[in-house]
Amino acid sequence: MHPPSSPVRVLFLGGLGRSGTTLLERLLGELPGAVSLGEVVHLWERGVGDDERCGCGVPFGRCAFWREVGDLAFGGWDRLDLDRLRSLKEEVDRTRHIPVLARRRLPAESHTALSEYLSHYTRLYGAVRQVSGGEVVIDSSKHAALAFCLRWAAHAGTGEIDLRVVHVVRDSRGVAYSWTKQVRRPEAAKDGAEFMAQWSPAKAAVHWNAENAAFSLLARRGTPMVRLGYEEFLRAPMRSLSRIAEFAGLPADEAALGFLTEADGTATARLSANHTASGNPMRFQTGPIVLRRDDTWRTGLAPTERRKVTALTLPLLRHYGYMDRKS
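Please read all numbers here as calculations on a predicted model, not as lab measurements.

*Asks:* Hey, could you run me through the packing of aromatic side chains in this one?
*Replies:* Centre-to-centre distance and the angle between the planes together describe a pair of aromatic rings. Scanning all chains against the criterion turns up 11 aromatic pairs. Seen in terms of ring centroids, F65 and W66 are 5.1 Å apart; in terms of plane orientation they differ by 80°. Their pairing is edge-to-face. W66 gets classed as buried once you look at its relative accessible area, which sits at 0%. An aromatic cluster is present here, built from W44, F60, F65, W66, F74, W77, Y117, Y121 and Y125 joined pairwise through their rings. Sitting over the face of the ring of W179, R18 holds its NZ or CZ atom 4.1 Å from the ring centroid. Directly above the ring of F284 sits R53, whose terminal nitrogen or CZ lies 4.5 Å from the centroid.

*Asks:* When you look at the side chain of T22 in this model, what are you seeing that I'm missing?
*Replies:* For T22, the location among the structural elements is in helix α1 (residues 21–28). Residue classification places T22 among the buried residues on the basis of a relative accessible area of 9%. Sequence-distant contacts of T22, defined by excluding residues within four places in its chain, comprise N280, M282 and R283.

*Asks:* Help me out: how do you make sense of the sheet that holds strand β2 (residues 34–36) in this one?
*Replies:* Note on sheets: strands pair through backbone hydrogen bonds, and any given pair is parallel or antiparallel. Judged by pairing direction, the sheet is parallel, and its five strands sit side by side in the order β2-β3-β1-β4-β5 without closing on themselves. Of all the strands in the sheet, the pair left with one neighbour each is β2 and β5 (225–229). Strand after strand, the sheet turns through a mean of 25° between neighbouring axes, direction not considered. Relative to strand β3 (residues 136–142), strand β1 (residues 8–14) runs parallel, the two sharing five bridges. Across the sheet, the residue bridging to V10 is V137, located in β3.

*Asks:* Just checking my understanding: could you explain unusual backbone geometry for this structure?
*Replies:* Most peptide bonds take the trans form, and the phi angle of most residues other than glycine is negative. Even without a glycine there, the phi angle at R18 is positive, about 75°. On the secondary structure map, R18 appears in the loop between β1 and α1. The exposure class of R18 is buried, given its relative accessible area of 13%. Non-glycine residue K142 carries a positive phi angle of around 75°. Looking at the element boundaries, K142 is found in strand β3. You can call K142 buried: its relative accessible area is 8%.

Rules used throughout
Residues numbered from 1 in each chain as written. Predicted model: local features only at pLDDT ≥ 70, side-chain atom pairs only at ≥ 80, totals over all residues. Heavy atoms only, no water. Phe/Tyr/Trp six-rings, centres within 6.5 Å; stacked < 30°, edge-to-face > 60°. Buried < 20%, exposed > 50% of the residue type's maximum accessible area, 1.4 Å probe, protein only. Lys NZ or Arg CZ within 6 Å of the ring centre and 35° of its normal. Helix = DSSP H or I, 4+ residues; strand = E, 2+ residues; numbered from the N terminus. Contact = heavy atoms within 4.5 Å. Pairing = 2+ DSSP bridges. Axes fitted to C-alpha atoms, helices over the stretch in contact; angles between N-to-C directions.

The following block contains the structure:
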């Protein structure tokens with residue numbers, strides 16, 4: 001058991017959406033001592049507010065795990081002031097606030113709002129650890145702005161959480177193409193008609209630059225971080241998971257990785273049910289899955305759009321080594 005006052009170890013998966021973070025979280029969540037929460041940044045609206053389905057398949061409000069977490073963290077989810085939380089998010093947790101959040105010291109007005117905002121996350125993480133008995137809480141929220149907020153809860157003067165970040169990077173052309181796809185959100189609408197957001201390739205390229213640059217800045221501000229390439233991850237999943245597990249303080253021996261097998265160049269993972277509150281629809285998958293890299297962008301992304309995305313993201317593509325590979 002953890003002493004109630006000890007920092008909660010939080011493994012935050014960051015990067016732009018459609019970079020493979022849900023798959024990475026599902027695999028990390030199979031390690032002993034890991035507890036996957038999905039995208040906590042959306043839990044408040046989609047789970048508490050809209051009662052969308054938990055990864056276990058039942059509506060959020062009927063999930064025994066989340067009911068117990070809510071009771072412990074807030075005295076019940078109905079005690080949570082979602083309007084106030086939305087207001088606080090606007091004040092502190094937006095990309096435009098990163099320059100302030102990245103400072104060595106916060107202005108007094110930002111500090112007050114941020115402390116109140118962060119209390120929701122620290123209470124939630126603490127309750128999850130207590131209910132699950134896990135060692136590491138995995139939050140795949142991805143957003144750099146939230147990671148910068150959480151940095152202050154892990155600050156030496158506070159130490160409420162032990163924040164460790166995995167910066168997940170994927171080729172910008174692959175990310176841009178993925179954002180053009182129409183993907184259903186099966187948990188969102190009873191008739192299955194609601195879809196995930198879609199962006200133009202140019203818009204995805206701009207966001208790709210901004211998010212990845214922000215995580216580089218976060219690392220320079222002293223937050224423990226490792227970078228993982230999507231392509232590297234699926235080329236050698238066992239090795240990649242071992243590296244991330246060691247960084248997170250999770251076991252990565254043969255027994256711990258028993259859910260993952262590699263044979264004849266093919267990796268297969270066995271996924272169990274989870275309690276992720278939001279994320280890519282693959283969070284509902286259970287059983288064996290074959291780990292394959294999605295390179296459909298190479299033929300699916302129109303040549304003009306491919307050239308545009310390449311030009312817009314060229315400096316970081318070069319920095320991450322993508323221009324040294326066959327493109």
